[in-house]
Amino acid sequence: MSRTVTVGLDGSPESRAAAEWAAREAKLRGLPLKLVHVWEPVPEPIAQASLLGGETQAHWSERIAREAAEGLRLRHPGVDVAMEQMSGRPTDALAEAAKDAELLVLGSRGLSGIGGFLVGSVGAAVIARTETPVVLVRSGEQAADEHEKDPAGIPSAATAYRPVVLGLDTDHPDDTVIAFAFEEATRRGTALKVVHGWNLPPYFAYGLPADPQLNAELGRQDAAALAKVLSPWRQKYPDVEVVEESRSGSPANHVIDASHEASLVVVGRRIRRSPIGARIGSVTHAVLHHATAPVAVIAHD
């Protein structure tokens, strides 16, 4: 695997936002940036048309990537920007490109009227198929969105980064996911907010009277479990401020709530090598569709 940050580019607003985010991430990591533009060859009958021929399509495809690369070099001096054209189905090509990347970045349209993503079939399929970390960036994402507002309350990319948010499963914590989140917080010089949701007792679902003492005890037990998982990581990353948040209720909802004040959200995806296809997982699926910050999905066993 080469050490590059790779971004899928198709000329859309969401892919351009992803490319800008990828350039910033490449600078933080000190890595080159690779733009991958995928074009699907047109069927033979259409290829023979004078305006939609294969050569014309390839020309415009190359132009999109070339102009995007030129703009990124101007806006992000010091970042080595390369470009690659691939032909075929976007899902297959991007999954293949991910094999040679340290990080794959994809764009996603925003949901009109509310915060969150509209994750297309290509993005969802690539995330489910690759074991390379994938970051999904919403259309319209700006550098200032990842930073605290300035003293006058104006968005600014010159202020400190907002916290990195990690959605953590304390029953099955994975070192790969946790390490990724700590590294991202370290690069940004910001805090790491670790969010865990725990289930309420069964009586809650049936509308029976709650037991405040039992709820409090369950909350203490879960907070202790969260602290135990994070203890060695606090020692490994002493310079990272860690904020632990253990709350009852849906883990996805808590991570989504925390995303409103985050620079990046990190969640895991269990690798399932099944003949019936790969899955993203319900919590990660919900976070991908409704988080308002870029989301990093980390595959793990």
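Refer to the structure printed above.
Bear in mind that the values here come from a model prediction, so they are computed numbers and not experimental data.

Draft legend 1. The arrangement of helix H9 (residues 251-259) in detail. Among all positions in H9, only Ala252, His254, Val255, Ile256, Ala258 and Ser259 are buried. Those residues of H9 that are buried lie in contact with strand S7 (164-167), strand S8 (192-198), strand S9 (242-248), strand S10 (264-270) and helix H10 (282-290).

Draft legend 2. Structural view of the pattern of salt bridges. This structure, assessed with the given rule, holds 17 salt bridges. One salt bridge connects Arg234 with Glu244, and the closest N-O pair in it is separated by 2.9 Å. With Arg234 in helix H8 (residues 212-236) and Glu244 in strand S9, this pair connects stretches of sequence that are 10 residues apart. Here Arg234 falls in the partly exposed class, since its relative accessible area comes to 34%. Overall, Glu244 belongs to the partly exposed group, its relative accessible area being 31%. Of the charged contacts, one joins Glu245 and Arg247 as a salt bridge, the two residues approaching to 3.4 Å between their closest N and O atoms. Classification of Glu245 by relative accessible area gives buried; the value is 17%. Residue classification places Arg247 among the partly exposed positions, given a relative accessible area of 36%. Within the structure, one salt-bridge network assembled from shared partners comprises Arg3, Glu25, Arg29, Glu102, Glu184, Arg187 and Arg188.

Draft legend 3. Just the packing of helix H6 (residues 175-188) against H8, in detail. The interhelical angle for the contact between H6 and H8, taken along N-to-C directions, is 50 degrees, at an axis separation of 12 Å. Classed by the angle they form, the pair H6 and H8 counts as oblique. When you trace H6 past H8, the crossing you get is right-handed. Residue-level inspection shows Asp175, Ile178, Ala179 and Phe182 of H6 in contact with H8, the latter providing Val229, Leu230 and Trp233. A breakdown of the residues in the contact of H6 with H8 according to their chemical character gives six nonpolar, no polar and one charged.

Draft legend 4. Highlighting the nonpolar core. Judged by nonpolar contacts, the single largest core of 44 residues is most densely connected at Leu33, Leu35, Val105, Leu166, Phe182, Leu192 and Val266. Among all residues touching Leu33, those that are not within four sequence positions of it are Val5, Val7, Ala19, Ala22, Ala23, Ala26, Leu72, Val79, Asp80, Val81 and Ala82.

Draft legend 5. Examining the side chain of Glu20 more closely. Within the secondary structure, Glu20 is located in helix H1 (residues 13-29). The exposure class assigned to Glu20 is buried, which follows from its relative accessible area of 18%. Once you skip the residues sitting within four places of it in the chain, Glu20 turns out to touch Leu72, Arg75 and His76.

Draft legend 6. Molecular detail of the packing of aromatic side chains. This structure, assessed with the given rule, holds three aromatic pairs. Measuring from ring centre to ring centre gives 5.0 Å for Phe182 and Tyr237, while their planes differ by 25 degrees; the resulting arrangement is stacked. Residue Phe182 is located in helix H6, and its partner Tyr237 is located in the loop between H8 and S9; the two are separated by 55 residues in the primary sequence. Taken individually, Phe182 and Tyr237 each receive the classification buried, so the pair is uniform in this respect. Grouping aromatic residues by their ring pairs yields a cluster made of Phe182, Trp233 and Tyr237. In this structure, Arg188 is placed above the aromatic ring of Tyr161, and the distance from its NZ or CZ to the ring centre is 5.6 Å.

Draft legend 7. Main features of the pairing of S8. Burial of S8 is extensive: six of the seven residues sit out of reach of the surface. In the sheet, S7 pairs with S8 via four bridges, with the strands oriented parallel. Bridge assignment links Gly167 to a residue of S8, and that residue is Val195. On the question of chirality, the crossover connecting S7 to the parallel S8 by way of H6 is right-handed. Relative to S9, S8 runs parallel, the two being bridged by seven bridges. For Trp198, the partnering residue across the bridge sits in S9 and is Ser248.

Here is what the cut-offs are and how they apply
- Residues numbered from 1 in each chain as written.
- Predicted model: local features only at pLDDT ≥ 70, side-chain atom pairs only at ≥ 80, totals over all residues.
- Heavy atoms only, no water.
- Buried < 20%, exposed > 50% of the residue type's maximum accessible area, 1.4 Å probe, protein only.
- Helix = DSSP H or I, 4+ residues; strand = E, 2+ residues; numbered from the N terminus.
- Contact = heavy atoms within 4.5 Å.
- Salt bridge = Lys/Arg side-chain N within 4 Å of Asp/Glu carboxyl O.
- Axes fitted to C-alpha atoms, helices over the stretch in contact; angles between N-to-C directions.
- Parallel < 35°, antiparallel > 145°, perpendicular 65-115°, else oblique.
- Left-handed = near helix turned anticlockwise from the far one by under 90°.
- Nonpolar A, V, L, I, M, F, W, Y, C, P; charged D, E, K, R; others polar.
- Core = buried A, V, L, I, M, F, W, Y, C linked by side-chain atoms within 4.5 Å.
- Phe/Tyr/Trp six-rings, centres within 6.5 Å; stacked < 30°, edge-to-face > 60°.
- Lys NZ or Arg CZ within 6 Å of the ring centre and 35° of its normal.
- Pairing = 2+ DSSP bridges.
- Right-handed = clockwise from strand over helix to strand, strands pointing away.

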